Amino acid sequence: MISNKTLSVAIMSGKGGVGKTNIALNVSYALSESEHPILLVDCDLGLANLDVLLGLAPTHTLQDIIVRGIRARDAIMALNNRFFFLPAASGVPQLSELDEDMLTLLVERLTPTLPGFDFALFDCGAGVNSMVLSFARMVHMRIIVVTPEPSSLTDSYALMKILHSQYHIRTFHIIVNQVENAKEEALTYQRLTSACSRFLGFSPVLLGSIRQDKAIPEAVRRQKPLLGLTNSSPAAKALHDISMRLAKVRSNLLPLVDDAPLYIPGQYNPSF
Ligand SMILES: Nc1ncnc2c1ncn2[C@@H]1O[C@H](COP(=O)(O)OP(=O)(O)O)[C@@H](O)[C@H]1O
Ligand SMILES: [Mg+2]
């Protein structure tokens, strides 16, 4: 890579349980394997579980950066020499949402660590809580994970509608997950994009789609990234392709990315 700029990416969804965490984990793994230094941040503070998917028992978490004032780099774990992970604590009700001051503090403490990474990936919680909305505004790129279930489609649309109507955000990338066949894949994206273009006036970009694949729950049970176990299952191939497309998106966006990897909400009006 010619540039050392960090592309910040939030992985979001309207509905929970659609595959965000598995996608965030495997995309991070694939990008790190293809020479990109990456920081994966667990931002699902209510139900943080990336540590479980990695079979780790972290001693410090994202919440410690805010509450105990530890340095971000002391909470970040090196999984190998390019893959870095910032875990979060789960089940701490008073810290399952961060208020604006806490978020600002987090951004201030995290920002000095970011220039070393090509990507900072934020695995967000589902839905439209204020933390999700803040992260959506702070990053360069938003990926919405959707499944063919009607409730996932309507919730994804609702998430984009809120981000568009409240914050004028109109650039989204879509990953369609847990599809049975090519027809379902096409129909899901088509339904979502036609609702967006008709009622919101923009079309989200399709980043890729992933088949329903039992290799994913199997990798979850083994507490390893799927791509660390196999490259050949249908989901593994799709996750690899999506990661390579994301690397391409980064190269294309770099000229538009300024030096701030994260923007403090309220101070930035996203332009791409
Ligand atoms: N493509 C897929 N095929 C089969 N199972 C999947 C797939 N994607 C996700 N899953 C399963 O769905 C469940 C929810 O995934 P997870 O990544 O935790 O979702 P989220 O982070 O959106 O809540 C997990 O049990 C996971 O194994
Ligand atoms: Mg999750």
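Okay, so let's go over this structure. (Residues numbered from 1 in each chain as written. Chains lettered and ligands numbered in written order. Predicted model: local features only at pLDDT ≥ 70, side-chain atom pairs only at ≥ 80, totals over all residues. Heavy atoms only, no water.)

Brief notes about the site of ligand 1
Filter applied, for reference: The rule for a residue being near a molecule or strand is that one of its heavy atoms must lie within 4 Å of it. The definition of a polar contact used here is a pair of N or O atoms within 3.5 Å, where within protein one atom must be able to donate a hydrogen and the other to accept one, and adjacent residues in sequence count solely through side-chain atom pairs. Secondary structure follows DSSP: runs of H or I at least 4 residues long count as helices, runs of E at least 2 residues long count as strands, and numbering of each begins at the N terminus. Residue polarity is assigned by list, with Asp, Glu, Lys and Arg as charged and Ala, Val, Leu, Ile, Met, Phe, Trp, Tyr, Cys and Pro as nonpolar; anything else, Gly included, falls into the polar class.
Around ligand 1 sit 15 residues in total, of which Gly17, Lys20, Thr21, Asn22 and Asp213 are the nearest. A distance of 2.9 Å separates a nitrogen atom of ligand 1 from a polar atom in the side chain of Asn177. A distance of 2.9 Å is found between a nitrogen atom of ligand 1 and a backbone nitrogen or oxygen belonging to Asp213. Elements that contribute at least two residues to the shell around ligand 1 include exactly helix H1 (20-33), strand S7 (173-179), strand S8 (205-211) and helix H9 (215-222). Counted by class, the shell around ligand 1 contains five nonpolar, seven polar and three charged residues.

Concerning the pattern of salt bridges
The line we're drawing: Whenever a carboxyl oxygen of Asp or Glu lies within 4 Å of a side-chain nitrogen of Lys or Arg, that contact is scored as a salt bridge. Burial classes: relative accessible area under 20% of the type maximum marks a residue as buried, over 50% as exposed, and values in between as partly exposed (1.4 Å probe, protein chains only).
Applying the stated rule across the entire model yields seven salt bridges. We note a salt bridge from Asp118 to Arg250, for which the minimum N-O separation is 3.5 Å. Of this pair, Asp118 sits in the loop between helix H5 (100-110) and strand S5 (119-124) while Arg250 sits in helix H11 (residues 234-253), placing them 132 residues apart in sequence. Taken individually, Asp118 and Arg250 each receive the classification buried, so the pair is uniform in this respect.

Here we look at the pairing of strand S2 (residues 38-43)
In the case of a regular strand, side chains alternate between the two sheet surfaces. Cut-off, in case you're wondering: The criterion for strand pairing is that DSSP finds at least two bridges linking the strands in question.
With respect to burial, S2 is a largely interior element, six of its six residues being buried. Residues Ile38, Leu40 and Asp42 of S2 are buried on one face, and the alternating residues Leu39, Val41 and Cys43, pointing to the opposite face, are buried as well. Summarising the sheet, S2 and S5 pair through six bridges and their orientation is parallel. Looking at the pairing, Cys43 lines up with Cys124 of S5.

Details of the side chain of Asp118
When its relative accessible area of 7% is taken as the criterion, Asp118 is described as buried. A distance of 2.7 Å separates polar atoms of two side chains, one belonging to Asp118 and the other to His36.

Topic: unusual backbone geometry
Leave glycine aside and you will find that most residues have negative phi; peptide bonds, for their part, are mostly trans. We note that Gln178 has phi near 60°; this positive angle belongs to a residue other than glycine. Take Gln178: it is sitting in strand S7. Owing to a relative accessible area of 30%, Gln178 belongs among the partly exposed residues under this scheme. The backbone of Gln223 shows a phi angle near 55°, a positive value even though the residue is not glycine. One can find Gln223 in the loop between H9 and helix H10 (226-229).

Considering the nonpolar core
Looking at soluble globular proteins, one finds that nonpolar side chains tend to be buried together. Under the convention used in this document: In this description, a nonpolar core means a group of buried Ala, Val, Leu, Ile, Met, Phe, Trp, Tyr and Cys residues linked to one another through side-chain atoms lying within 4.5 Å. Throughout, a residue-residue contact means that at least one pair of heavy atoms, one from each residue, lies within 4.5 Å.
Of all hydrophobic cores here, the largest spans 52 residues; its most connected members are Met12, Leu62, Leu86, Leu98, Phe122, Phe135 and Met160. When residues of this core are assigned to their parent elements, the largest contribution, six residues, is made by helix H6 (residues 130-138). Among all residues touching Met12, those that are not within four sequence positions of it are Lys20, Cys124, Val132, Ala136, Arg142, Ile143, Ile144, Val145, Leu159 and Leu163. Formed by 41 residues, the second largest nonpolar core is a distinct cluster that contains Leu40, Val145, Ala215 and Leu226.

Observations concerning the packing of aromatic side chains
How we decide: Each Phe, Tyr or Trp ring, with Trp reduced to its six-membered ring, pairs with another whose centre is within 6.5 Å; inter-plane angles below 30 degrees give stacked pairs, above 60 give edge-to-face pairs, and intermediate values give tilted ones. Remark: a charge is flagged as sitting over a ring if the NZ atom of Lys or the CZ atom of Arg is within 6 Å of the ring centre and within 35 degrees of the ring normal.
One pass over the structure, following the stated rule, counts three aromatic pairs. Ring centres of Phe84 and Phe117 lie 5.5 Å apart, and the angle between their planes is 65°; on these two criteria the pair is classed as edge-to-face. Taken together, the residues span a long stretch of sequence, with Phe84 in strand S4 (residues 83-86) and Phe117 in the loop between H5 and S5 at a distance of 33 residues. For Phe117, a relative accessible area of 8% puts it in the buried group. Stacked on the ring of Phe172, the Lys or Arg Arg142 has its end atom at 5.9 Å from the ring centre. Over the ring of Phe119 we find Arg250; its NZ or CZ atom is 5.7 Å from the centre of that ring.

A short note on the packing of H5 against H6
Operational definition: The angle between two axes is taken between their N-to-C directions and runs from 0 to 180 degrees, where each axis is a line fitted to C-alpha atoms and a helix contributes only its stretch in contact. Geometric relationships in this document are graded by angle, where less than 35 degrees denotes roughly parallel, more than 145 denotes roughly antiparallel, 65 to 115 denotes roughly perpendicular, and other angles denote oblique. Take the far helix as the reference: if the near one is turned anticlockwise from it by less than a right angle, the crossing is left-handed, and if turned clockwise, right-handed.
Viewed as axis vectors pointing N to C, H5 and H6 meet at an angle of 40°, and their least axial separation amounts to 11 Å. With respect to H6, the axis of H5 lies oblique. The element H5 and its partner H6 pack so that their crossing is right-handed. Side by side, H5 and H6 meet where Glu100, Leu103, Leu106 and Val107 of the first sit next to Ser134, Phe135 and Met138 of the second. A class-by-class count of the residues in the contact of H5 with H6 yields five nonpolar, one polar and one charged.

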